[in-house]
Amino acid sequence: MRERLLAAEKIKAIEWRDGALHLLDQRLLPLREHWVACHSAAEVAQAIRDMLVRGAPAIGISAAYGVVLGARQRAAAGEDWQATVSADFELLAASRPTAVNLFWALNRMRERLTRMAGEGALAALEAEAVAIHLSDREANLTMAQLGVELIRKHDASKQTFLTHCNTGALATGGFGTALGVLRAAHLDGLVECVHADETRPWLQGSRLTAWELAGEGIPVSLNADAAAAHLMKTRNVAWVIVGADRITANGDVANKIGTYNLAVIAMHHGVRFMVVAPSSTIDMNLASGDDIPIEERAGHELLEAGGQRIAAEVEAFNPVFDVTPADLIDAIVTERGVVERPDAKKMAELMNRRRLH
């Protein structure tokens, strides 16, 4: 399976080359493919805030490269960069509050910084960022294989799936989390159709997920978010498969707004619910989803389309994420292994394991 996935690779959204971080501007997809080069930590932080790059793993990878750019810029200015780069860490950490991969990557870069000194310090910092990027790619491959094994365990025939937001190559350093599982399932002949929620208000499902799947010849059908219950009732959906931006110690999952709705509906209709995320998404410092900071964005994202107001003159409530309780989740798939019916004990056992590959 690993070799088949590697052979099928078509899309990437992050490139580190020529001394800069190059990001595929996801705000313009699918109408235009445009790459933006970031040369400083400030530019990376702005790209994250503006959702030029999005998806928890991709945000963490970008932040790691942002630290490198900040350190290089300070060194070139003659600063004691190892003493002053902390300002870049703070700037990047403030870019998005919910996705824990951001803080995980920054902590890993900070730990690397404390262990190095001398002329090779900048090179070592860059090597750490590259390692974070490559490890996410490998984690994607492992999760894809584990997810397919879980699907096959329940049913080895062609099936219908539902997914929410974008969790593919555009959101990660590799093949995707939930979308990586769906890619692998397609290669294994298990996909009848993937139903993709449009994912309001940024329409990641319409613009990104549908674009990725259609480009690879995977049968995909787009639907309004509000059609999910009807789909589960009438289209024989076997699995809802989603990603995560933060998973707490008890197995609660923060993901794109609307995920909680899907889990409740799936439970009612007897549809299995799978969360796919690297272990860097798991925050064992938070006991439950009640402790997760939920980002709220400006109301104009709901009130406008293409800069044109389409709503009445009212206020808007625009949370970006919601929290799905662990008792609504059938399985959490990570590169360390699979946790079925997650709880605090099982999550602790998972985090004590080594990565499988």
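Along every chain, residues carry numbers that run from 1 in the direction the sequence is written. In keeping with the model being predicted, local features are shown solely for residues with a pLDDT of at least 70 and side-chain atom pairs are shown and tallied solely at 80 or more, while totals for entire chains, interfaces and linings include all residues. Water and hydrogen atoms play no part in the side-chain values, which are based on all heavy atoms of the structure.

Participant: How should I be thinking about the nonpolar core in this particular structure?
Facilitator: Soluble, globular proteins show a tendency: their nonpolar side chains are buried together. Side-chain atoms within 4.5 Å link the members of a nonpolar core, which is a set of buried Ala, Val, Leu, Ile, Met, Phe, Trp, Tyr and Cys residues. For the exposure calls, accessible area comes from a 1.4 Å probe over protein chains only, and a residue counts as buried if that area is under 20% of its type's maximum, exposed if over 50%, partly exposed in between. In this structure, L21, L23, W81, M109 and L125 are the most contacted members of the largest nonpolar core, which totals 37 residues. Numbering goes from the N terminus for both helices and strands, where a helix is a DSSP run of H or I of at least four residues and a strand is a run of E of at least two. When contributions to this core are tallied by element, the ones reaching two or more residues are β1 (14-17), β2 (20-24), α2 (41-49), α3 (56-76), α5 (86-93), α6 (100-114) and α7 (121-154). Counting residues per element, this core draws most heavily on α3, at ten residues. It only takes one pair of heavy atoms within 4.5 Å for two residues to be counted as in contact. Discounting residues that sit within four places of it in the chain, L23 has contacts with A13, I14, H34, W35, V36, C38, A47, L52, V53 and S62. Ranked by size, the runner-up nonpolar core spans 29 residues in total, among them L146, V148, I151 and V181.

Participant: Whenever I open this one, the UniProt feature "active site" (unreviewed entry) in the chain confuses me. Can you help?
Facilitator: Residues annotated in UniProt with the feature "active site" (unreviewed entry) correspond here to D245. Examined against the element boundaries, D245 turns out to sit in the loop between β7 (237-242) and β8 (246-248). Note on D245: relative accessible area 10%, which makes it buried. When neighbours within four sequence positions are excluded, D245 is seen to be in contact with A56, T98, A99, V100, N101, A254, N255, K256, T281 and F321. UniProt positions are given in the numbering used here, feature names are shortened, and annotations may be inferred rather than shown by experiment.

Participant: How should I be thinking about the side chain of D88 in this particular structure?
Facilitator: Positionally, D88 belongs in helix α5. Once residues within four sequence positions are removed from consideration, D88 is found in contact with A41, G70, A71 and R74.

Participant: Please clarify how the side chain of S62 should be interpreted in this entry.
Facilitator: Relative to the helices and strands, S62 is located in helix α3. Engagement of the side chain of S62 in a polar contact is seen with the backbone oxygen of A58, the distance being 2.9 Å. In this view, S62 contacts I14, L21, L23, V44, I48 and V53; residues no more than four positions away in its chain are not counted. Any pair of N or O atoms that falls within 3.5 Å is considered a polar contact. Within protein, one atom must be able to donate a hydrogen and the other to accept it, and sequence-neighbouring residues count only if both atoms are side-chain atoms.

Participant: Could you clarify how one ought to interpret unusual backbone geometry in this entry?
Facilitator: Negative phi values dominate among residues other than glycine, just as trans dominates among peptide bonds. Between L29 and P30 the backbone carries a cis peptide bond, its omega angle lying at 5 degrees. Along the chain, the position of P30 falls in the loop between β2 and β3 (35-38). Cis peptide bonds are those with omega within 30 degrees of zero, and the linkage from R200 to P201 qualifies with 0 degrees. One can find P201 in the loop between β5 (191-197) and α9 (204-215). With a phi close to 55 degrees, D18 is a non-glycine residue in the positive phi region. Locating D18 in the fold gives a position in the loop between β1 and β2. Owing to a relative accessible area of 70%, D18 belongs among the exposed residues under this scheme.

Participant: Would you mind showing me how to read the packing of α7 against helix α8 (residues 178-187) here?
Facilitator: Two quantities define a packed helix pair, namely the angle between the helix axes and the distance between the axes. Where α7 meets α8, the closest approach of the two axes is 8 Å, and the angle between their N-to-C directions is 60 degrees. Read as a crossing pair, α7 and α8 show a hand that is right-handed. Residues M143, A144, G147, V148 and I151 of α7 pack against G180, V181, A184 and A185 of α8. Grouping the constituent residues of the contact of α7 with α8 by class yields seven nonpolar, two polar and no charged. Note on method: axes are straight lines fitted to C-alpha atoms, helices fitted across the in-contact stretch only, with angles between N-to-C directions ranging 0 to 180 degrees. Note: crossing handedness is left-handed where the near helix turns anticlockwise from the far helix by less than a right angle, and right-handed where it turns clockwise. Charged means Asp, Glu, Lys or Arg here, nonpolar means Ala, Val, Leu, Ile, Met, Phe, Trp, Tyr, Cys or Pro, and polar covers whatever is left, Gly included.

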